[in-house]
Every structure is written in C-alpha cells, then in structure tokens.
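# A structural walkthrough
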Amino acid sequence: MTAHFDEGAPPPTMAEGRWLWRRLYVFATSGGAWLLLDRLIAGTPPDAAPRLAQGLMTLLALTLVLYLVAPTAQQLIATLALLRPPRDTGGRP
C-alpha cells in the first residue's frame, strides 16, 4: 500500500518521538508495582508472599506487553481511515 500525501505538506514524522506520556505512564506504573510488591511482602505472612508476588509480576508483564504491542493513537486513526468506506462523489465516476 502506498500513502498519498499533499505535495506541499511536510513529510510525516515518526510517532516514537511523541510517546513521552506512554513511557512516563509505564515507568511510573512499573515503579509503583515494584514498590507495592516490596511493601506488601514486608507486611504479609510468609505463606502468602509467593502468590502476591506472582500477581504483581503478572500485572507488570501485562503493562510491558501493552507498552510494546499496543498501537499509537495515530496508527489507530490511520487504520480506521483505511477501513472507512469511500465518500459518495455525487454521481461522478
């Protein structure tokens, strides 16, 4: 597939430079999950610690997978634009 751009428009920029908020969210969530793990394990009985640690590490893994795999908003909009039916041209071929 080829994309059609206006001749006078600047070329599209890479989306990676605009992932600041997603990166900050993942960093804060990951740090919070590890801090929570540390504090909860310190306050739980030893027999419950492995189950608690496994749940928090699963949450961290899910967050990292979503960070690595999830499309950006720009990619979602571009995909939806491709799926949209063409506009009626008013009877023109």
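Right, let's walk through the structure included here. (Residues numbered from 1 in each chain as written. Predicted model: local features only at pLDDT ≥ 70, side-chain atom pairs only at ≥ 80, totals over all residues. Heavy atoms only, no water.)

Right, let's get into helix H1 (residues 20-43). Taking 1.5 Å of rise per residue, the 24 residues of H1 would be expected to cover 34 Å, and the 34 Å separating its terminal C-alpha atoms lies within 8% of that figure. Where H1 is concerned, the buried positions are Val26, Ser30, Ala33 and Leu37. Elements in contact with the buried residues of H1: helix H2 (49-69). (Helix = DSSP H or I, 4+ residues; strand = E, 2+ residues; numbered from the N terminus. Expected span 1.5 Å × (residues − 1). Buried < 20%, exposed > 50% of the residue type's maximum accessible area, 1.4 Å probe, protein only. Contact = heavy atoms within 4.5 Å.)

What follows covers the packing of H1 against H2. At a minimum axis distance of 10 Å, the contact between H1 and H2 shows a crossing angle of 175 degrees. Viewed along their axes, H1 and H2 adopt a mutual orientation that is roughly antiparallel. Facing Arg22, Arg23, Val26, Thr29, Ser30, Ala33, Trp34, Leu36, Leu37, Leu40 and Ile41 of H1, the residues of H2 in contact are Ala49, Leu52, Ala53, Leu56, Met57, Leu60, Thr63, Leu64, Leu66 and Tyr67. Tallied by class, residues from the contact of H1 with H2 come to 16 nonpolar, three polar and two charged. (Axes fitted to C-alpha atoms, helices over the stretch in contact; angles between N-to-C directions. Parallel < 35°, antiparallel > 145°, perpendicular 65-115°, else oblique. Nonpolar A, V, L, I, M, F, W, Y, C, P; charged D, E, K, R; others polar.)

Looking now at the side chain of serine 30. The residue serine 30 is located in helix H1 in this model. Relative accessible area serves as the criterion here: at 13%, serine 30 is assigned to the buried category. Polar side-chain contacts of serine 30 include one of 2.8 Å to the backbone oxygen of valine 26. Excluding residues that lie within four positions of it along the chain, serine 30 makes contacts with Leu60 and Leu64. (Polar contact = N/O pair within 3.5 Å; in protein donor to acceptor, adjacent residues only side chain to side chain.)

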